[in-house]
Amino acid sequence: MSTASAAPIAAQEKQIYFHIGMPKTGTSHLQRVLFPALNPERICFNDPEIMSLLRAQSSFENIVWEFFLTDELKLRIAEALDRIPAQKVLLSREAFLAFPFFDRTGAKDMPAEDAISDTMMRQSLDGLNMIKACFPGARTIIVIRNQLDWIQSRYRQYIMSGEKMTFSRYVSYDGNKFTARTDRSYTNMNAFALDYVKLIHLAEDIFGKDNVLVLAYEEFRDDQPSFNKKIANFIGESVPLPAAHQERTHRSFSALAIWVTIALRWILFPYVSSKAMHRYVSIRPLYHRIRSAIGAPAPAPANRTPIGGILSLPYRMVLKGLGFLEGRFSLVSFLLYWRNFVQWGPDRWIYVDWDMWPADLRRRVGAHYAKVNRELAGYLDKQIYEKYYRQPH
């Protein structure tokens, strides 16, 4: 039966699956390659109306994802679900776990360990509660990655998004000790705040223990068929693996590209602070500030009247233009396509990479997470746990 002729199924009768991150764990591959290959007659992936509603109620204006739950949002998502013919709905948005940290801000000289918290940062907790409120009974997929590798990958992304700080400063190392982050927007971070066990327990408390699937990025990288099979079993669908799935969706920016970018920024913008670089040079915060300023409304339902569609056309055109800018100019520091130039130019021709963790800092942070990660043995593949999470990596 085609989706065009199928009768819609009531929202309360649908099974919702939500891949909530984390970022830098193969999310681009899942969203662009794997999930779209599922049978659309059986499972709807990233319904445009629902994703638009969720984006409209979130903001990156303050350089941290914030989420705003309203009764209208819950109502409109329920209406959107009612219009989907498929029995199952799969959604994927890693912004909900873009900042999965358990810490608080502190003074510059506060030891990092003293700033660790048992409570996740408020903005991310708001995001998880939004999912629970809008999609009761949703089953969630969380993909984690060895903390040291994730932090390094995140740093590279931050540099290409408008930062110019050194790696040591990014992980809040003052030359003698690791310290608490001093900024609420995570322009720097607490190197010890990425506690996956706390994250998993929080997700289980919110969604239910049987409704949370935990996977490791390393399994996706090393044994993709096994990774895909676990997703297939969780969502009750076959997950195809055509030849295109073997292609690399995205590769991290090389260490050489990162250092060249930092050097150029210091030469061209020597007096602009790192935080100001990210706030006023990176397009994403700018995009959300403009969006807030014009008071753009959430997308209207599919059954809106023609006159309503005409009246909202200017807003839709502005947002479409901003979306184009956000996608094409994720970095505007040189008023050039620097990020795209690096990714499709030097990094494709000559990829020169190395570990950006200083050896002594890697040992110290690795030893911390080897203790924190002990409980992960109950969630991950045994070989993956032993190789990537049990010992300092």
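Residues numbered from 1 in each chain as written. Predicted model: local features only at pLDDT ≥ 70, side-chain atom pairs only at ≥ 80, totals over all residues. Heavy atoms only, no water.

Turning next to the overall build of the chain. For the chain, the helix and strand inventory stands at 18 helices and seven strands. Expressed as a percentage of the 393 residues in the chain, the buried residues total 52%. For the chain, the computed accessible surface area is about 18100 Å², with 56% contributed by carbon and sulfur atoms. (Helix = DSSP H or I, 4+ residues; strand = E, 2+ residues; numbered from the N terminus. Buried < 20%, exposed > 50% of the residue type's maximum accessible area, 1.4 Å probe, protein only. Areas by Shrake-Rupley, 256 points an atom, 1.4 Å probe, with all protein chains shown as cover.)

Take the pattern of salt bridges next. Within the structure shown, the criterion is met by 16 salt bridges. Residues Glu72 and Arg76 are paired through a salt bridge, measuring 3.6 Å at the closest nitrogen-oxygen approach. Of the two residues, Glu72 and Arg76 are both situated in helix H3 (residues 71-82); the distance of four residues between them amounts to about one turn of the helix. The partner of Asp222 in a salt bridge is Arg221, with the nearest N and O atoms 3.4 Å apart. With a relative accessible area of 40%, Asp222 lands in the partly exposed category. By relative accessible area, Arg221 is classed as partly exposed at 40%. What you see here is one network of salt bridges that share partners, running through Arg42, Lys88 and Glu237. (Salt bridge = Lys/Arg side-chain N within 4 Å of Asp/Glu carboxyl O.)

A cluster of nonpolar side chains, namely Leu256, Trp259, Val260, Trp349, Ile350, Val352 and Trp354, defines an oily patch on the protein surface of about 700 Å² accessible area. Residue contributions to the nonpolar patch peak at three residues, all from helix H10 (residues 255-268). Mapped onto the elements of the fold, Ile350 is located in the loop between helix H16 (346-349) and helix H17 (359-372). (Patch = residues over 30% accessible without salt bridge, like charges linked within 9 Å, V, L, I, M, F, W, Y side chains within 5 Å.)

Turning to the pairing of strand E6 (residues 139-144), a few remarks are in order. A regular strand places its side chains on the two faces of the sheet in alternate fashion. Of all six residues making up E6, five are buried, and the element is well covered by its neighbours. Pairing analysis gives three bridges linking strand E1 (residues 15-19) to E6, with the strands arranged parallel. Bridge pairing links His19 to Ile141 in E6. Strand direction decides the pairing type here: E6 and strand E7 (residues 212-216), joined by five bridges, are parallel. Note on E7: the bridge partner recorded for Ile142 is Val214. (Pairing = 2+ DSSP bridges.)

Counting all residues, the mean pLDDT for the chain is 82, and 75% of those residues have values of 70 or more. Below a pLDDT of 50 lies the segment residues 295-305, which in the model reaches 23 contacts outside its immediate sequence neighbourhood of four places, other chains included. (pLDDT = per-residue confidence, 0-100. Contact = heavy atoms within 4.5 Å.)

This next bit is on helix H5 (residues 147-160). End to end, H5 covers 20 Å across 14 residues, agreeing with the expected 20 Å (1.5 Å per residue, within 8%). Of all 14 residues making up H5, 13 are buried, and the element is well covered by its neighbours. Two to three positions downstream of the cap, the backbone nitrogen of Leu148 sits 3.1 Å from a side-chain oxygen, assigning the N-cap of H5 to Asn146. (Expected span 1.5 Å × (residues − 1). Polar contact = N/O pair within 3.5 Å; in protein donor to acceptor, adjacent residues only side chain to side chain.)

Following the sequence through the fold, Gln31 ends up in helix H1 (residues 27-34). There is a polar contact of 2.8 Å between the side chain of Gln31 and the side chain of Glu94. Contacts of Gln31, omitting those with residues within four sequence positions, involve Pro36, Phe45, Ser92, Arg93 and Glu94.

Before going further, it helps to spend a moment on the packing of aromatic side chains. For the structure shown, the criterion picks out 15 aromatic pairs. Plain terms: the ring middles of Phe101 and Trp150 are 5.9 Å apart, the flat faces sit at 65 degrees to each other, and that makes the pair edge-to-face. One end of the pair, Phe101, is in the loop between strand E5 (88-92) and helix H4 (122-134); the other, Trp150, is in helix H5, and 49 residues separate them in sequence. Phe101 gets classed as buried once you look at its relative accessible area, which sits at 1%. Residue class for Trp150 comes out buried when judged on its relative accessible area of 0%. Ring geometry for Tyr217 versus Phe220: centroids 6.0 Å apart, planes at 35 degrees, classification tilted. (Phe/Tyr/Trp six-rings, centres within 6.5 Å; stacked < 30°, edge-to-face > 60°.)

Next up on the list: the pairing of E5. A large share of E5 lies buried, amounting to five of its five residues. Of the two faces of E5, the one lined by Lys88, Leu90 and Ser92 and the one lined by Val89 and Leu91 are each fully buried. With five bridges joining them, E1 and E5 adopt parallel strand pairing. By the bridge assignment, His19 is partnered in E5 with Ser92. Of the pairings in the sheet, the one linking strand E2 (residues 43-45) to E5 comprises three bridges and is parallel in character. Directly across from Phe45, in E5, lies its bridge partner Leu90.

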